[in-house]
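Given next are the chains, with one letter for each unit.
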Amino acid sequence: MSSETGFDPELYKRFPTTEARPEGELEQLDEVWCGPRRPWEWITAINNNYIGVYYVGAAMLFFVLAGVLALLMRTQLALPMTGFLAQETYNQIFTMHGTVMMFLFAVPAVEALGVLLLPQMLGARDLPFPRLSAYAFWAYLVGGLCFFASLFFGLAPNGGWFMYPPLTSTTYSPGINADFWLLGIGFIEISAIAGAIEIIVGVLKTRAPGMTLDKLPIFAWAMLIFACMIIIAFPSIILSTLLLELERALGWPFFDAAKGGDPMLWQHLFWFFGHPEVYIIFLPAAGAMSTLIPAVAQTKLVGYRLVVLAMLATGFISFGVWAHHMFTTGMPQISINYFSAASMAVSVPAGVQVFAWIATLAAGKMRFNTPGLFAVGGLVIFVMGGLTGVMVAMVPFDWQAHDSYFIVAHLHYVLIGGMVFPLFAAIYYWTPMSSSRPLSERWGKWIFWLMFVGHNVTFMPMHLTGLMGMPRRVYTYLPERGWDLPNMISTVGSFMFGLAVLLWVVDMVRNFRPFGNKDAGNVFGGPGLEWLPSGRYSLRSVPVIKSLYPVWDQPDLARDVEAGRYFLPGAPRGERETMITSPINAEPQYLQRMPQPSSWYVWGAIFTAGFFLILTIQAYLVSVISGVLAVYCILKWCWGLDRPSGPATVDVGGGVRLPTYVSGPSSHGWWAMVITLIVSGMVAIMACFSYVFLWSRRPDLWQAPPEIGSLPLTLGLLAAAGVGAWASQGALKLDRPRSAGIAAVLMLAATLAAGGAFAAEASAWWNSGLRPDASSQGATVYALLAWQGTFVGISLLMGPFVLLRWLCGLVSSRYPATFEVVALFVAFTAVQGAATTLLIRLFPGVGA
Amino acid sequence: MGFPTTGEAMGRRAMAGALALALCACVDKADLPRPMVQADPAAGLAVIEDVGCAACHKIPGVAWPEGRSGSNLAGFGARPLIAGRLPNQPDVLIRWLIDAPSMDPGTAMPPMPLTQDQARDVAAYLYTLDED
Amino acid sequence: MLDPAGPFAGPIQTVAWVLFVMAAVVMVVVLGALGVALFGPRKWKRRVGGERLIWIAGLAFPVVVLTGLLIYGLTTTARVADAPKAGEMRVRVTGEMWWWRVAYLDDQGREIVQDANEVHIPAGQPVVFELESADVIHSFWVPRLGGKTDMIPGRRNFMRLQADAPGTYGGQCAEYCGGPHALMGLVVVAHAPDDYSAWLERQSRPAAAVPSAQGPLALIDQGRNVFAASGCAACHTIRGTEANGLAGPDLTHVGSRQTLGAGILPNNRGTMAGWISDSQSLKPGNRMPSYAVLSGQDVRAVAAYLESLK
């Protein structure tokens, strides 16, 4: 294999090393990675072994909370017209059940699994941005709990988890309930995106040397695809929640038909996110299945490459099927036909994975332990759900089944079979890695059977009630329609399911003992790196990987790794460190210095959550203060970044020396910024789509843009901004006596130019007489301007930040990472500004 | 003067007990459902649901609606009066169900589309409602 | 859907059976393979335990079956949703929170009769429904006659339904519209074609308070006066009187409907009185306030008046 980075693969032959490790090396490693000692250190902890457990715990807490809501719903529906819950209460409860399950449980749970497992599985010491995961977690927990608490005040959203306008506009939802959803869920999505950035950079840049892409554990593939899907899909819902909130708060008519808006715009934006969302939820669970089924059957996964391709295909095709949620909205026949075909196609790669699992079980010898039972049970339920999915992909059938209990049945079969059961399998399988005691096998089997039977008793009758005509989201139903008995049966089943979850919670309390010094070991005989003996520092030394199943294929691996005979057997700089490797061949590139815990990101998370939630209750001054404090905390956190010190290269074992500072396209920070800009770019693209879509619905409402003569000023200033930013980092690298100062001033000037361009463009539009609350053109133009304005605002923070760093002597030509990353941002801002300006100025035309 | 012997005391207690029981029997007799022959309470409930009496009245055995315009009919069987005015007897009740305004012009309850037999069955059902 | 009554519902049931059989067959195959994988003899397990299973059962088989199903599905989607053609009967239904505004159209699309909550159609011919919404998204669904189509503000959707035989067909709103969405029911009544024209002709007449055996004329007159004095005309229309409010259902022939409250209560004087007196306890959140200001006799009078509007 040719080298990707120039690294000489012969160097791998030096490992495992044979000489004895120095005295105290292991102790120093342990000390540097020590866990929380004082009480507040439990909150500031950033090691993925802690954050991962917290994250899974929080996700399961929301699972239980949303599950209790479900039991309340089923109690209400057990009999026709019971008065157990008032109409408004039920409407809030069913909205919260869906919202909490989808946003606060499903995506965070699989993201949490990634946070907990990936570093161990990849042979890294931690995720590449530990403080970012801590920030994401605390924002999620604080925000999620406050959001859930809205139920206790009767302020929970009541528009259904997909919150269709116009029902959710201020006219028909005058209270702040809908705002809780829009602002609360909006920023939880930010949390998910932060996690996705971590996972992409983690999977591609922090693998053990030699772990080429064809030896990448299947779970890591699943998480990589999952994270890429989040990057592309979540911006759509971020945009749509922003737009609806703007409509509610300021009257900008995106979805209000009276002023040119269209409720269908919401549906397109929401489902462009919403359909990939369910595959986002499914793929990591499928990756977990592909990992633990081989372990349970004690044989290698059959069809590894097919499974990887299938996951890629699922991810890709899932972006093309969103309108199958809209078959009844009166779309043109040709669109309906296309979406029907694509929806059928997306089931094929899922089937490939299912048969790969069956083939693997056949190739090995299944042991009926708890993870195995949950895996097989989940497979069966998932296949049933997939089959009803094919049924509703057939348009005439969907015209009957849509918005009925048949769909409720379908969605629970695929989500519970495709995600919840694999999650429980994963919990039973991987608990021994994090806990000093495994969970009880005896209880586990009871829990499995209770859950499996309970699930089917609950949801199977719903297929029938749906076909009998019972719609979704009804707080009650009239008697004498034949719906009574199936509903009662469903309620009984739901309590069985609830009992199983309760037993699981009890077993967790009895047996789950994390954060100790010893873990329970490789109870189920798994093949991955996570089963090597490890501590808070993950592996003692980072091995050279030669196979997809290292623990099975390299028998002395555990002993050698523990003895420190591979890469990075200690902490060469006396700090937390991990290795950064190249994306395809995992060749060592540099040593990443990792941070120690502090409190800035925790406060930043709390103030971020505070900003959004206090905005919801309309205490504007307090909310702004919270926002300012959040920005301050984040800037303090950033101030500590990019502070190189110590030797330029370090021995990472076997005499191999790696640099300690890398900037440019190989560096993890650069990657993180690029991914963030892709997210932003997607939001801008979806906003441009909204502009064109609304124009196509009401071209009669479009008035002429500002005079073409004012356009060159905007474009010129934007060009200056882009060029200035790029020149700034180039100037820095020239390493002349005054390079640092020139670079800093150029960057500041670039950000000011971007600000000037924004001011010019915004005033041009204002002077043309267009107002944002007047028409859909106004709304979309000013939305695009507002998005650009946000970026300009951030740039205007970055310019002085860079200048300040120079004034404090923190800028040097040898260490250009901050400048590169800021330059990327400012240049992107310029390009985004130019693209959106050209669209609103030149489309559909320049004159009246 | 002598204290009552044990035997006398017991005898007095027995008399008191028997008297109490007899009184209870009298009280029970007054609360017995009014006798109705050839009337089917179950059929009456079905008529109540078909005709929609619960649109105005909360009626045990009917989950919905729970109307508030008319009185709550729980315990109707034990009440002495219909609508606070008329004696609660089967023949009176049947006439009331079919044409209430003719017996009380101020009532909000309109004449209901019931045959004699249906009204009998409804009355029989209402008389089973003797618990509050 | 399990008991179709027309040509826009029958084929869907056939599709459903085909899909169900397909699903059952696939389930048997999957469970069979799984059973062999878990419990089968070694020879069978070897056949199943390789990539060949994935290629055949996971790729080839599904692609073939799904392609066939797709073609079947696309051809079954009859021209349900085309714009109306000349000579087709047209009805416009507008979804409101939480009732249905009905208007019968002539071939130029002009409204000739307004009504509410109960749609009457001639049996044995397709009827084009023009579906709109006055407020939020609703969905028009009469399962025995066909699938559902959403009613979206700012758009007009078309859907054809046909009842083969005269009868009553129930439906319900199928897109969550807040509040008592669960109680937004619907009744479609199909007539034999000659009966239908007679019915439509009667419906198009303005209200004539016809004294009937149900109550003395005096009570009906009193009811008409109470109706006028209580402000009911602010929301309701009774053609032939001064009442021409548009916020609530048209009451010109309300006495002839089978249900009240949009399909949720039987229609007689008693339920009518209960609805007027306290509709909030029957359908909480609906747009009609409860009339605690009316005396018992007044309530009876209005109920008698409205029931006389047949």
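Remember, it's a predicted structure, so these values are computed and weren't measured experimentally.

Caption draft 1: Summary view of the interface of chain B and chain C. Counting residues at the interface gives 22 residues for chain B, matched by 18 residues for chain C. Surface buried jointly by chain B and chain C totals about 1500 Å² across both partners, of which 60% is contributed by carbon and sulfur atoms. The interface formed by chain B and chain C contains one salt bridge. Note that Arg68(B) and Asp278(C) form a salt bridge whose closest N and O atoms lie 2.7 Å from each other. Counting across the interface, chain B meets chain C through seven residue pairs in polar contact (both at pLDDT 80 or more). Each residue belonging to the side of chain B that touches chain C can be placed in one class, and the counts come to 14 nonpolar, five polar and three charged.

Caption draft 2: Unusual backbone geometry, seen in detail. Of note, the bond from Phe843(A) into Pro844(A) is cis; its omega dihedral lies within 30 degrees of zero at 0 degrees. Following the sequence through the fold, Pro844(A) ends up in the segment after helix H25 (817-842). Following Met97(C), the chain continues into Trp98(C) via a peptide bond in cis, with omega recorded as 10 degrees. On the secondary structure map, Trp98(C) appears in the loop between strand S1 (89-96) and strand S2 (99-105). The residue Phe515(A) is not glycine, and still its phi comes out positive at about 65 degrees. Mapped onto the elements of the fold, Phe515(A) is located in the loop between helix H16 (484-511) and strand S1 (534-535). For Phe515(A), a relative accessible area of 27% corresponds to the partly exposed category. Despite not being glycine, Asn117(C) has its phi angle at roughly 65 degrees, a positive value. Structurally, the position occupied by Asn117(C) is in the loop between strand S3 (111-116) and strand S4 (118-122). Judged by relative accessible area, which is 7%, Asn117(C) ranks as buried.

Caption draft 3: Local environment of the interface of chain C and chain A. Contact residues are listed per partner, giving 73 residues for chain C and 78 residues for chain A. Surface buried jointly by chain C and chain A totals about 6200 Å² across both partners, of which 73% is contributed by carbon and sulfur atoms. Looking only at chain C, the three residues that lose the most surface to chain A are Ile54(C), Arg155(C) and Tyr176(C), adding up to 11% of its buried area. Remark: the boundary between chain C and chain A carries one salt bridge. Inspection of the region where chain C meets chain A yields 15 residue pairs in polar contact (both at pLDDT 80 or more). Broken down by secondary-structure element, the contributors of at least two residues to the side of chain C that touches chain A are helix H1 (10-39), helix H2 (42-48), helix H3 (51-76) and strand S7 (148-151) of chain C. Looking at side-chain class alone, the side of chain C that touches chain A contains 49 nonpolar, 16 polar and eight charged residues.

Rules and cut-offs
Residue indices begin from 1 for each chain and proceed along its sequence in written order. Each chain is given a letter, starting from A, and each ligand a number, starting from 1, according to the order in which they appear as written. Residues qualify for local features only when their pLDDT is at least 70, as the model is predicted, and side-chain atom pairs are given and counted only at 80 or more; totals for whole chains, interfaces and linings, by contrast, use all residues. Processing note: side-chain calculations cover all non-hydrogen atoms of the structure and skip hydrogens and water entirely. Working rule for contacts: check all heavy atoms of both residues, and any pair within 4.5 Å makes them a contact. Once two parts are brought into contact, the accessible area they lose, counted with a 1.4 Å probe and summed over both, makes up the buried area. Salt bridge, as applied in this entry: a Lys or Arg side-chain nitrogen positioned within 4 Å of an Asp or Glu carboxyl oxygen. Counted as a polar contact is a pair of N or O atoms within 3.5 Å, where, for protein atoms, one must be capable of donating a hydrogen and the other of accepting one, and residues adjacent in sequence contribute only when both atoms are in side chains. Charged residues are taken to be Asp, Glu, Lys and Arg, nonpolar residues to be Ala, Val, Leu, Ile, Met, Phe, Trp, Tyr, Cys and Pro, and polar residues to be all remaining types, Gly included. Secondary structure elements are taken from DSSP: a helix is a run of H or I of four residues or more, a strand is a run of E of two residues or more, and numbering for both begins at the N terminus. Working definition: with a 1.4 Å probe on protein chains only, accessible area under 20% of the residue-type maximum means buried, over 50% means exposed, and in between means partly exposed.

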